[in-house]
Amino acid sequence: MKNDKKLNELLISWENTYKKGQLTLWIFMALQESKKYVDEIKGFIEKKSNGTISCEEQSLYRALRKYEHIDVLTYDLKEGNKGPDRKYYYLTNLGQELFNQFANRNIKLFYSTEIKNILKL
Amino acid sequence: MKTITQYLLRFALTIIVLTIIFRYFLSYGIENHSTIIIILSAVIYFLSMFVSGWYFGKKDGEYLPIFDVGFRFHLTTYLIHNAISLLWIGLGLGSKYEKLSLSIMIAIYWGIFIIVHFIFYLWARKNSIDNLDKEDLFE
């Protein structure tokens, strides 16, 4: 019982550290799939991560502004159902290249047979 | 320019108003030899400028965390304060006891601090990409 509690605390601690830095990857994956506006990006992240990545709207807006500022993504304005036009974000060429190289260097290695065997997948 | 954000512009507008009010009361105090008005206007001006910088700086950082070690806000304050002061006295709106040369000296001495701050800003830019801190770029 005591070990279960400790295991749970350790898991949460590790996950909290692990998840830092994950938001960028999930935003890029959302936009790799298709152009999206903020609510769609949020929905994508929450659904595809099985709710493991919580995505505060304010953090998302802040991240999008930063990535727009460094020219890795941009947007088209399209009419929404009501209210102001929606910003549909998409990756720029620089963003696309950044995403490809990041995935190649950091994600693809998990798909090697050797690592899969270690992970017992 | 991307580094001129909406909060920097709001800050600029606020300090234009504050500086004009300050200049009016300062000149009034000097003209009437009122130490209390001079001290009060300077203290209130300092506090209101500090609060404005703190408030808009915080908002600006939340909007887009530009890594400039406060240089944009400092430069804005320098340009607005000195432009209004020089124009105020230059156009004859100040007290007859106020000398333009004193305002010029303030602009020059303050300018030295601006240059030092600019050097720190250039140093900070080494740790940034497009003015955003490399360490804080990807969350």
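First things first, this report covers the structure right here in the doc. (Residues numbered from 1 in each chain as written. Chains lettered and ligands numbered in written order. Predicted model: local features only at pLDDT ≥ 70, side-chain atom pairs only at ≥ 80, totals over all residues. Heavy atoms only, no water.)

## Overview of the packing of aromatic side chains
Then step 1. Enumeration according to the criterion identifies 17 aromatic pairs over all chains in this entry.
Then step 2. Judged by centre distance (5.2 Å) and plane angle (85°), the ring pair of Y24 of chain B and F25 of chain B falls under edge-to-face.
Then step 3. The class for Y24 of chain B is partly exposed, based on a relative accessible area of 45%.
Then step 4. Judged by centre distance (6.4 Å) and plane angle (25°), the ring pair of F46 of chain B and F50 of chain B falls under stacked. Of the two residues, F46 of chain B and F50 of chain B are both situated in helix α2 (residues 35-63); the distance of four residues between them amounts to about one turn of the helix. The same class applies to F46 of chain B as to F50 of chain B, namely exposed.
Then step 5. The structure contains a cluster of three or more aromatic residues connected by ring pairs, namely F28, Y67 and F99 of chain A together with F138 of chain B.
Then step 6. Over the aromatic face of Y90 of chain A sits the side chain of K35 of chain A, whose NZ or CZ is 4.5 Å from the ring centroid. (Phe/Tyr/Trp six-rings, centres within 6.5 Å; stacked < 30°, edge-to-face > 60°. Buried < 20%, exposed > 50% of the residue type's maximum accessible area, 1.4 Å probe, protein only. Helix = DSSP H or I, 4+ residues; strand = E, 2+ residues; numbered from the N terminus. Lys NZ or Arg CZ within 6 Å of the ring centre and 35° of its normal.)

## Let's talk about the nonpolar core
The tendency in soluble globular proteins is for nonpolar side chains to be buried as a group.
Then step 1. The biggest cluster of nonpolar side chains holds 27 residues, and the ones touching the most others in it are I27, I41, I45, L60, L64 and Y67 of chain A.
Then step 2. For this core, the element with the highest residue contribution is helix α2 (residues 22-33) of chain A, accounting for seven residues.
Then step 3. Not counting residues up to four positions away in its chain, the partners in contact with L64 of chain A are I27, V38, I41, L73 and Y89 of chain A.
Then step 4. Membership of the second largest hydrophobic core comes to 14 residues, among which are I15, L26, F56 and F73 of chain B. (Core = buried A, V, L, I, M, F, W, Y, C linked by side-chain atoms within 4.5 Å. Contact = heavy atoms within 4.5 Å.)

## Some points on the interface of chain A and chain B
Then step 1. With 14 residues of chain A at the contact, the number on the chain B side is 13 residues.
Then step 2. In this assembly, chain A packs against chain B so that about 1400 Å² is buried in total across both faces, 54% of it on carbon and sulfur atoms.
Then step 3. Counting the surface chain A buries against chain B, the share from its top three residues, R62, K66 and H69 of chain A, is 49%.
Then step 4. Remark: the boundary between chain A and chain B carries one salt bridge. (Buried area = accessible area lost by both parts, 1.4 Å probe. Salt bridge = Lys/Arg side-chain N within 4 Å of Asp/Glu carboxyl O.)

## What to know about helix α1 (residues 2-19) of chain A
Residues and elements named next belong to chain A.
Then step 1. For α1, spanning 18 residues, the distance from its first C-alpha to its last is 26 Å, which sits close to the expected 26 Å at 1.5 Å a residue.
Then step 2. Where burial is concerned, little of α1 is hidden: zero out of the 18 residues are buried.
Then step 3. Downstream of α1 by a residue or two, G21 has a phi angle that is positive, lying close to 95°. (Expected span 1.5 Å × (residues − 1).)

## Considerations on the pattern of salt bridges
Then step 1. Taken as a whole and judged by the stated rule, the model has nine salt bridges over all chains.
Then step 2. Close ionic contact of K36 of chain A with E33 of chain A constitutes a salt bridge, the shortest N to O distance being 2.8 Å.
Then step 3. You can call K36 of chain A buried: its relative accessible area is 5%.
Then step 4. Of the charged contacts, one joins R72 of chain B and D60 of chain B as a salt bridge, the two residues approaching to 2.5 Å between their closest N and O atoms.

## Side note on the environment of F138 of chain B
Then step 1. Inspection of the secondary structure puts F138 of chain B in the segment after β2 (132-133).
Then step 2. Taking the relative accessible area as the measure of exposure, F138 of chain B reaches 38% and is therefore partly exposed.
Then step 3. Considering only alpha carbons, one finds F138 of chain B and Y78 of chain B, 60 residues apart in sequence, at a separation of 33 Å.
Then step 4. In contact with F138 of chain B, other than residues within four places in its own chain, are T24, Y67, I70 and L98 of chain A.

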